[in-house]
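Notes for the structure review
Letter by letter, the chains look like this.
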Amino acid sequence: METKFTDRVSFYAYLDKTGAVYTVDNNPSDERLSMIDRAIARKQQLIQRAKDLFNSQNGITVSL
Amino acid sequence: MAYVTHNYALGNHVYDFSVLVEGEGKKEKIPYQLSFEPNRHENITTVTLVKLFHSDKEYICHDLRKTVIVCFEDYFTKFPDDPVFFETELAYEKNAIKFLKFLRWARLYKDQYLCRVDIVDKLEQNKNVLYAYVTITKI
C-alpha cells in the first residue's frame, strides 16, 4: 500500500506553477470529511463494478 | 488515435476505447471507459475515467490524453451548457502528480474551458486528507 505524503509546501508550489485558480478549505468540518470518506468508498465500488462488467463481457476470469 | 465507441445507457454517456501502451518491454492495448453521469437535481455531470484492465501496472501511454479530450469535446458539443465535475483524492503522491499534470495540460484549453478547483486539506497527526473537487465548464 502506497503511503500518503505530507509535503504540502511542494504540492502547493507545483499547484501554483500550473496557473490553476483554486480555493483551499483548511478547516473542513467532520461532516465534510466523512462525506469524502464515503465518496472514496463509492468511487472504488464504481470502478470495481465497471471492471467486473468488462471482465464478464470479455470472458475474463480473475482467480484469487 | 484510439477508436472510440459511444453508448448511451441508463441516462449515462459512456465512451469506450483502448489505447496502445508500452511497458516492461512490450506493447499492449489497455481498455478504458470514460463515463458522464448527469445529475439533473444538482444540474451537474460527474465524469469518471476507469482503466478496465491491468490497473496496477505502470505504462507509458501516448494516446490516452488525446482520446480523452476527443471524448470531452464530443460531450461538450452535445451538451455545451452542462458543467462537468470530478473529485479525486490527492494525498497519495501518484494521484497528486497526475492531478498536477492534468491542470498543466488543462491550461492549453483555457480559452475554451473554465476549470475550477476546490481543495480540502487537513493534515494532523492522525489525519491526512487532501482532496480536490474540479468543475469544468465550456466557455
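Predicted model only: the values in this text are computed from it and were never measured.

Attention shifts here to the overall build of chain A. A count of helices and strands for chain A gives 2 helices and 1 strand. Its helices and strands taken in sequence order, chain A reads α-β-α from the N to the C terminus.

In this section: the interface of chain A and chain B. In this complex, chain A contributes 28 residues to the contact, which on the side of chain B involves 29 residues. Listing elements by their share of the side of chain A that touches chain B, those giving two or more residues are helix H1 (8-18), strand S1 (22-25) and helix H2 (30-57) of chain A. Considering every element that reaches the side of chain A that touches chain B, the biggest residue donor is H2(A), with 10 residues. Taken together, the residues that form the side of chain A that touches chain B break down as 17 nonpolar, 5 polar and 6 charged. For S1(A) and strand S7 (residues 113-123) of chain B, the ladder comprises 4 bridges, and the chain directions are parallel. Bridging across to S7(B), Tyr22(A) finds its partner in Val117(B).

Let us now look at the nonpolar core. If you look at the biggest cluster of nonpolar residues, it comprises 15 residues, and the most contacted ones within it are Phe17(B), Val19(B), Tyr32(B), Leu34(B) and Cys71(B). Broken down by secondary-structure element, the contributors of at least two residues to this core are strand S2 (12-23), strand S3 (26-39) and helix H1 (64-78) of chain B. Not counting the four nearest positions on each side in its chain, Cys71(B) is found in contact with Val4(B), Tyr15(B) and Leu34(B). Formed by 13 residues, the second largest nonpolar core is a distinct cluster that contains Ala20(A), Leu90(B), Ala96(B) and Leu103(B).

Time to look at H1(B). Residues and elements named next belong to chain B. Taking 1.5 Å of rise per residue, 15 residues should cover 21 Å, and H1 covers 21 Å from first to last C-alpha, within 8% of that figure. Along H1, the positions that sit buried rather than exposed are Thr 67, Val 68, Cys 71, Phe 72 and Tyr 75. Along H1, the residues classed as buried sweep out an arc of 140 degrees about the axis, all on the same side. Turned more than 90 degrees off the buried face of H1, the exposed positions are Lys 66 and Thr 77.

Our focus in this paragraph is the domain arrangement of chain B. Partitioning chain B into structural domains gives domain 1 (1-82) and domain 2 (86-139). Taking the mean C-alpha position of each, domain 1 of chain B and domain 2 of chain B sit 18 Å from one another.

The next thing to look at is the pairing of strand S8 (residues 128-138) of chain B. All names here are of chain B. Where strand S6 (residues 84-89) and S8 come together, 6 bridges link them in antiparallel fashion. Residue pairing for S8: Phe 85 is matched across the bridge by Thr 135. Two strands pair when backbone bridges link them, and S7 and S8 are joined in this way by 11 bridges, in the antiparallel orientation. Within the sheet, the bridge partner assigned to Tyr 113 lies in S8 and is Lys 138. Between S7 and S8, which pair antiparallel one after the other, the connecting turn spans 4 residues.

All names here are of chain B. Residue placement: Gln 125 occurs in the loop between S7 and S8. Exposure remark for Gln 125: the 5 C-beta atoms within 10 Å place this residue in the exposed category. Along the backbone, Gln 125 and Tyr 109 are 16 residues apart, and their C-alpha atoms lie at a distance of 39 Å.

Okay, the packing of H1(A) against helix H2 (residues 93-106) of chain B next. One way to put it is that H1(A) packs onto H2(B) with a least axis distance of 8 Å and a crossing angle of 20 degrees. Judged by the angle between their axes, H1(A) and H2(B) are roughly parallel. Here H1(A) and H2(B) pass one another in a crossing that is right-handed. Taking contact as the criterion, the partners of Phe11(A), Tyr14(A), Leu15(A) and Thr18(A) in H1(A) are, on H2(B), Ala96(B), Leu100(B), Leu103(B) and Arg104(B). Its residues assigned to classes, the contact of H1(A) with H2(B) shows 6 nonpolar, 1 polar and 1 charged.

Basis of the calculations
Residues numbered from 1 in each chain as written. Chains lettered and ligands numbered in written order. Predicted model: local features only at pLDDT ≥ 70, side-chain atom pairs only at ≥ 80, totals over all residues. Helix = DSSP H or I, 4+ residues; strand = E, 2+ residues; numbered from the N terminus. Contact = placed C-beta atoms within 7 Å. Nonpolar A, V, L, I, M, F, W, Y, C, P; charged D, E, K, R; others polar. Pairing = 2+ DSSP bridges. Core = buried A, V, L, I, M, F, W, Y, C linked by C-beta atoms within 7 Å. Buried ≥ 20, exposed ≤ 12 C-beta atoms within 10 Å, placed from the backbone. Expected span 1.5 Å × (residues − 1). Arc of directions from axis to C-beta. Domains from an automatic or database assignment. Axes fitted to C-alpha atoms, helices over the stretch in contact; angles between N-to-C directions. Parallel < 35°, antiparallel > 145°, perpendicular 65-115°, else oblique. Left-handed = near helix turned anticlockwise from the far one by under 90°.

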